[in-house]
Amino acid sequence: MADALKKFGKYFLLDPIAQGGMAEIYRARMATPDGGGRLLAIKRILASYSQNAEFVSMFKAEIKTTSGFTHPNIVSLYDYGEEEKMLYIAMEYVDGRNLRQFITRFAEMKTQFPVDVSVYIMEQVAHGMAYAHNYKDKFSGKNLNIVHRDISPQNIIISYDGAVKVIDFGIAKAVTNSDSTRAGVIKGKPSYLSPEQISGEVL
């Protein structure tokens, strides 16, 4: 990709990790003279969406929701801003693959996850979600009741050393959200929605 190894603000983009219709993710590092520093993941929103008011609102909601998180099962957010007319988030880099990629590979091998491994992954995800749901505002002490709303295999990363981490709180719902989901609009992948979300009940 042409943007690989390109300087992006105070970061160097090393190589692409993933790309979708709205955003792209790069492995990156700080643009320091000695080339040192830890590896990061840069999620940058494509320019067309960075100028879209509704998408910008979702982006800011993700930052507001996750900036204070410190949990081993949730990817940490380090920095955010705008560069080259693109909004971006700098976050923890996880050297691994998402659960969808593992499932696909197992299917190609005509085998399945061992039961104990499946249970371990779901247990770790549940730990992260419980932390998010019980997370309290640092200033008011109010419970934010955060619900991710998109716990699908693509948003569960498994590192090569066995760590399980949840990513992408871009459509998470918290009690502090300034906007409400419009009537008839469902956020998330239908196959992974909770029963109460499908029924339009309180999450």
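Residues numbered from 1 in each chain as written. Predicted model: local features only at pLDDT ≥ 70, side-chain atom pairs only at ≥ 80, totals over all residues. Heavy atoms only, no water.

Visitor: I tried to follow the packing of aromatic side chains on my own but got confused; where do I start?
Guide: Two measures describe an aromatic ring pair: the distance that separates the ring centres and the angle between the ring planes. By the definition in use, this model includes six aromatic pairs. Ring geometry for Phe-69 against Tyr-131: centres 5.6 Å apart, planes inclined by 75 degrees, an arrangement best described as edge-to-face. Of this pair, Phe-69 sits in the loop between helix H2 (53-66) and strand E5 (77-83) while Tyr-131 sits in helix H4 (residues 115-133), and the two are 62 residues apart along the sequence. Ring geometry for Tyr-131 and Tyr-135: centres 5.8 Å apart, planes at 55 degrees, overall tilted. Residue classification places Tyr-135 among the buried positions, given a relative accessible area of 9%. (Phe/Tyr/Trp six-rings, centres within 6.5 Å; stacked < 30°, edge-to-face > 60°. Helix = DSSP H or I, 4+ residues; strand = E, 2+ residues; numbered from the N terminus. Buried < 20%, exposed > 50% of the residue type's maximum accessible area, 1.4 Å probe, protein only.)

Visitor: Explain the pairing of strand E4 (residues 39-45) to me, please; I cannot follow it from the model alone.
Guide: Each regular strand displays side chains that alternate between the two surfaces of the sheet. Across the seven residues that make up E4, a large majority, six, are buried. Alignment of strand E3 (residues 23-30) against E4, held across seven bridges, turns out to be antiparallel. By the bridge assignment, Ala-28 is partnered in E4 with Leu-40. Pairing of E4 with strand E6 (residues 86-92) involves five bridges; the strand directions are antiparallel. Bridge assignment links Ile-42 to a residue of E6, and that residue is Ala-90. (Pairing = 2+ DSSP bridges.)

Visitor: Could you clarify how one ought to interpret the pattern of salt bridges in this entry?
Guide: Counted under the stated rule, the structure contains seven salt bridges. Between Lys-6 and Glu-84 there is a salt bridge, with the nearest N and O atoms lying 3.3 Å from each other. Of the two residues, Lys-6 is situated in the segment before strand E1 (7-8) and Glu-84 in the loop between E5 and E6; the sequence distance between them amounts to 78 residues. Among the residues examined, Lys-6 registers a relative accessible area of 30% and is labelled partly exposed. The class for Glu-84 is partly exposed, based on a relative accessible area of 37%. With a closest N to O distance of 3.5 Å, Lys-43 and Asp-168 form a salt bridge. Pair noted here: Lys-43 is in strand E4 and Asp-168 is in the loop between strand E9 (164-166) and helix H5 (195-198), with a separation of 125 residues, a long-range link. Lys-43 gets classed as buried once you look at its relative accessible area, which sits at 11%. (Salt bridge = Lys/Arg side-chain N within 4 Å of Asp/Glu carboxyl O.)

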